[in-house]
Amino acid sequence: MYDLNNTYLDIEKNKNGIAILPVGAIEQHGPHLPISVDHFQAESVSRAVAERMGGFLLPGIAYGNSEAHIGFRGTVSISSDTLKNIVQDITKNLFNQGFTKVGVLNFHAGNLVLKLALRDVNLSSDTGVAVLCQPWQDIDEESKTILDNYGNEQHAGEFETSVMMHIDSAKVGSNLIDCVPEVQPTYFDYQYMKEYCPDGVWGKATLANSDKGRLLFDAMVKATVEKLSSTFDELNRH
């Protein structure tokens, strides 16, 4: 694996052409988790993926589109157009210098524009392919067997709190709360979260533990490596 600690000569030795770009968000995660959760988890999982694949790990894009979380101080949202332009610029730049396989690992559900951004890049490029992974979604089957509150976890609850307990328990506070509002997840598309989850939690943080976090983390790394490897191979055959 190569990252920011390497020289350009080191990175030129990377002959497999793989680059990994983490994308997160800076937004509230309840009273017990830092605003950096999405960014922190994106970089942690991406590092493990890059190590397994021998790729070049780029520094993560910390900011995302977090409009649904406006109203909680510390949340910083950028527009979908801004995020799209940043990801496309980075991806095209990587292609121009010889990278042929770019994995974009997104850890924030609000970054909906990434699918469109990478589709445009792939349709306009004949030098490389870019694949979008959303690791927490790609392990849905595993999550069913790990989480006690599966199906009601949307934000800062059992899933994210468990993963944070595994990665860095010092970043998890003691004020764990449960909140499962009587609305559907699609409300994220219509209203600010503060309207129905006043503490910023949608799920049951009290059910979280580090053992669940380890299982979720390992599952995300495994699923992402498999998805990237198979998709890169498939796309490069056509």
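Here, the structure is the one placed above.
As the structure is a computational prediction, the values presented were derived from the model and not from experiment. (Residues numbered from 1 in each chain as written. Predicted model: local features only at pLDDT ≥ 70, side-chain atom pairs only at ≥ 80, totals over all residues. Heavy atoms only, no water.)

Let's talk about the sheet that holds strand 2 (residues 56-57)
The strand order across the open sheet built from 4 strands is 2-1-3-4, with neighbouring strands paired in parallel fashion. The sheet is open, and its two edges are formed by strand 2 and strand 4 (129-133), each paired on a single side. Where helix 2 (residues 37-53) meets the sheet, its contacts fall on strand 1 (18-23), strand 2 and strand 3 (101-106), and the angle it forms with strand 1 comes to roughly 170 degrees. Contacts from helix 4 (residues 113-124) reach strand 1, strand 3 and strand 4, with the element oriented near 165 degrees to strand 4. (Pairing = 2+ DSSP bridges. Helix = DSSP H or I, 4+ residues; strand = E, 2+ residues; numbered from the N terminus. Contact = heavy atoms within 4.5 Å. Axes fitted to C-alpha atoms, helices over the stretch in contact; angles between N-to-C directions.)

Thoughts on helix 2
Its 17 residues place the ends of helix 2 24 Å apart at the C-alpha level, agreeing with the 24 Å of an ideal helix rising 1.5 Å per residue. A large share of helix 2 lies buried, amounting to 12 of its 17 residues. Buried within helix 2 we find Val37, Asp38, His39, Gln41, Ala42, Ser44, Val45, Ser46, Ala48, Val49, Ala50 and Met53. Where helix 2 is buried, its residues meet strand 1, strand 2, strand 3, helix 7 (158-168) and helix 8 (210-236). (Expected span 1.5 Å × (residues − 1). Buried < 20%, exposed > 50% of the residue type's maximum accessible area, 1.4 Å probe, protein only.)

Some words on the packing of aromatic side chains
In this structure the tally under the stated criterion is 3 aromatic pairs. With a centroid separation of 5.6 Å and an interplanar angle of 25 degrees, the aromatic rings of Phe56 and Phe99 are classed as stacked. Here Phe99 lies in the loop between helix 3 (80-96) and strand 3 and Phe56 lies in strand 2, a separation of 43 residues in the sequence. Both residues of the pair, Phe56 and Phe99, count as buried. Arranged with centres 5.6 Å apart and planes meeting at 80 degrees, the rings of Tyr196 and Trp202 form a pair that is edge-to-face. Trp202 matches Tyr196 in its accessibility class, with the two residues each being buried. Of note, Lys171 hangs over the ring of Phe40, and the distance from its end group to the ring centre comes to 4.6 Å. The cationic tip of Lys194 hangs over the ring face of Phe72; the distance from NZ or CZ to the ring centre is 4.1 Å. (Phe/Tyr/Trp six-rings, centres within 6.5 Å; stacked < 30°, edge-to-face > 60°. Lys NZ or Arg CZ within 6 Å of the ring centre and 35° of its normal.)

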